[in-house]
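An overview of the molecular structure
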Amino acid sequence: MAEDVTEYLRKHIWIPILVGIVLFLIMVLVLYKLCKYCNHRARYDYTQLQEDVALPRRIELQKQAEQNSLNEAAMINCQFYLRSTGIYRMAEQLSDIGSRCNKFWFTACKISSAEEEILSLLTRSTNMILPFTSDTVKTLSQLFDSVQQHPHIQPVNYIDFLQEQNLVVMVSPFTTRGSLKDLIYQSHCLDRWEDKYTPHNKGISMAQIKCIGKRILMALLFLQNKGFPPHGHLHSGNIILDKQCSRLAGYENNLLGLPSKLQSVLKKRWKDVQDSIDSIGFGHLIFEMANGSELDTPHPQPRHISQLMDNLCIFPYRFMIIIFLLMLLIVPNHPR
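The following paragraphs examine the structure supplied in this document.

Calculation notes
- Numbering of residues starts from 1 in every chain and runs along the sequence as written.
- Local features in this predicted model are restricted to residues whose pLDDT is 70 or higher, and side-chain atom pairs enter the listing and the counts only when it is 80 or higher, whereas totals over whole chains, interfaces and linings include all residues.
- Derived side-chain values reflect all non-hydrogen atoms in the structure, with water molecules and hydrogen atoms excluded from consideration.
- Both cavities and pockets are sets of points on a 1 Å grid over the protein atoms alone; in a cavity a 1.4 Å probe fits but cannot get out, in a pocket the set is open with protein on both sides within 12 Å along at least five of seven lines, and lining residues sit with an atom within 4 Å of a point.
- Grid points are joined across faces, edges and corners, and a volume is the space filled by probe spheres set on the points.
- Numbering of helices and strands runs from the N terminus; a helix is a DSSP stretch of H or I covering at least four residues, while a strand is a stretch of E covering at least two.
- For this scheme, ten residues count as nonpolar: Ala, Val, Leu, Ile, Met, Phe, Trp, Tyr, Cys and Pro. Four count as charged, namely Asp, Glu, Lys and Arg, and the remainder, Gly too, count as polar.
- A side-chain nitrogen of Lys or Arg and a carboxyl oxygen of Asp or Glu constitute a salt bridge if their distance falls within 4 Å.
- We call a residue buried when its accessible area falls under 20% of the maximum for its residue type, exposed when it is over 50%, and partly exposed in between, using a 1.4 Å probe and counting protein chains only.
- Think of a nonpolar core as a cluster: buried Ala, Val, Leu, Ile, Met, Phe, Trp, Tyr and Cys residues, connected wherever their side-chain atoms sit within 4.5 Å.
- The contact rule is simple, with two residues in contact once any of their heavy atoms fall within 4.5 Å.
- Definition of a polar contact: a pair of N or O atoms within 3.5 Å, with one able to donate and the other able to accept a hydrogen when the atoms are protein atoms, and with sequence-neighbouring residues admitted only if both atoms are side-chain atoms.
- Strand pairing is assigned whenever DSSP identifies at least 2 bridges connecting the two strands.
- Whenever a helix is involved, its axis is fitted only over the stretch in contact; in every case the axis is a line through C-alpha atoms, and angles between N-to-C directions fall within 0 to 180 degrees.
- Any two cysteine sulfur atoms within 2.5 Å of one another count as a disulfide.

1. Overview of the layout of surface pockets
The computed volume of the largest pocket comes to approximately 800 Å³. Forming the walls of the largest pocket are 37 residues, and the residues nearest its centre are K103, W105, G237, N238 and I240. Elements with a contribution of two residues or more to the lining of the largest pocket: β2 (103–110), β3 (116–123), β5 (167–173) and α5 (193–196). Considering every element that reaches the lining of the largest pocket, the biggest residue donor is β5, with 4 residues. Within the lining of the largest pocket, the residues separate by chemical class into 17 nonpolar, 14 polar and 6 charged. Contributions of two or more residues to the lining of the second largest pocket are made by α2 (14–85) and α5. Sort the elements by how many residues they give to the lining of the second largest pocket and α2 lands first, with 8 residues. In terms of residue class, the lining of the second largest pocket is built from 5 nonpolar, 6 polar and 7 charged.

Okay, structure coming up:
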């Protein structure tokens, strides 16, 4: 019987060859499944962890790419506008030196001058009540001209609207000292906002607090007497330093419908304190000047008072700052 089978296979040699091929394919298939199973386990154990670690970096790169795209668009709009008006020429585009993500910064000079000024390009706010027209530009220009001679108010030298692009163009004097916030945190005014303000719990001198505080109050009273609405944007970034002067800036923000930085701190109480918003802002500013860090609550908490007492070593000065903070607690309950 065995000899018959052997003889049969010899005559039909393709049968053992076919069986060998089938067995070889089965072995390849088994090896493939085994390798796939091992790779799947390795991916399950390690690859997902690597992806999780890389996720924050990918988000950061995506955010940076989006910001770069916005910066390029702002550059194009700025160049187009300056060429079409022929009043200013752009020197360079600056980094994000301010906290607003929809505001772009440039240095510019008048065609007839070499003096650098700060040009800002700002997306129109949806909360802006004033008509976005050339007549409004003329009105605002006249209004800003009427206050720019005050020694403690930062001038707005130029304002215009790009109506098709929904952009606001403003030009103000440039000072190398920067803002009061730059003084408090010992930073350079042209550095990126995210990098330059690290709380270090060390305020400025009491003499500086008294001098700057007095000038801020004088500027606020002047604007009020001129019929301006409440400033609403009083913080250290809007106090511009120039030589021995300090000037109040940001008074145009309310007219342009921009949200206030204090909204994120006051939250639900925001609508209830509109009449005293500048008193609250001034109290927050006094705390920041004395303590070297911002007040992160609507009113000072015991931890803030304790921190402040550690930084102020002279008793009469402690007493004066405490009075300011008590005013911050009391004033918001009464109309301006």
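2. Let's talk about the pattern of salt bridges
Here the structure, examined in full by the defined rule, presents 8 salt bridges. Between R192 and D195 there is a salt bridge; the shortest N-O distance is 2.9 Å. Under the relative-accessibility criterion, R192 is labelled partly exposed at 29%. The shortest N-O distance in the salt bridge between R303 and D296 comes to 3.2 Å. By relative accessible area, R303 is classed as partly exposed at 48%. A cluster of three or more residues bridged by salt bridges with shared partners is formed by K63, R192, E194 and D195.

3. Topic: the nonpolar core
Ranked by internal contacts, the top residues of the largest apolar core, which has 44 residues, are F161, L180, L256 and M289. Breaking this core down by element, the ones donating at least two residues are α3 (134–145), β4 (158–162), β5, α4 (180–185), α6 (206–225), β6 (239–242), α8 (277–291) and α9 (302–311). Other than its neighbours up to four places away in sequence, L256 contacts L122, S125, M128, L140, F161, V168 and M170. Formed by 15 residues, the second largest nonpolar core is a distinct cluster that contains Y81, L82, Y88 and Y158.

4. Some points on unusual backbone geometry
Although it is not a glycine, N166 sits at a positive phi angle of roughly 55°. Topologically, N166 is positioned in the loop between β4 and β5. With a phi angle near 55°, K243 is a residue other than glycine that sits in the positive phi range. The residue K243 is located in the loop between β6 and β7 (245–248) in this model.

5. As for the side chain of H233
With respect to the helices and strands, H233 occurs in the loop between α6 and β6. There is a polar contact of 3.5 Å between the side chain of H233 and the side chain of R100. Not counting residues within four places of it along the chain, the set of residues in contact with H233 comprises R100, N238, G250, N253, N254, L258, P259 and S260.

6. Some details on the pairing of β2
Counted residue by residue, β2 has 7 buried out of 8 residues, so it is predominantly covered. In terms of strand pairing, strand β1 (residues 88–93) meets β2 through 5 bridges, oriented antiparallel. Within β2, the position partnered with E92 by the bridge is T107. Bridge count between β2 and β3: 7 bridges; the pairing is antiparallel. For F106, the partnering residue across the bridge sits in β3 and is L119. What sits between β2 and β3 in their antiparallel hairpin is a turn of 5 residues.

7. Things to note about the sheet that holds β5
Spatial ordering of the open sheet is given by β1-β2-β3-β5-β4, a layout of 5 strands whose pairing is antiparallel. In the strand order of this sheet, the two ends are held by β1 and β4, each with one partner. With strand direction ignored, the average angle separating the axes of adjacent strands in the sheet is 30°. Judged from the 5 bridges that link them, β4 and β5 form a sheet pairing that is antiparallel. By the bridge assignment, F161 is partnered in β5 with V168.

8. Brief notes about the state of the cysteines
Where two cysteines share a covalent bond between their sulfur atoms, that bond is called a disulfide. If you walk through the whole model with that rule in mind, you get 0 disulfides. C211 takes part in no disulfide bond, and the closest cysteine sulfur to it belongs to C245, at a distance of 9.1 Å. C211 gets classed as partly exposed once you look at its relative accessible area, which sits at 31%.

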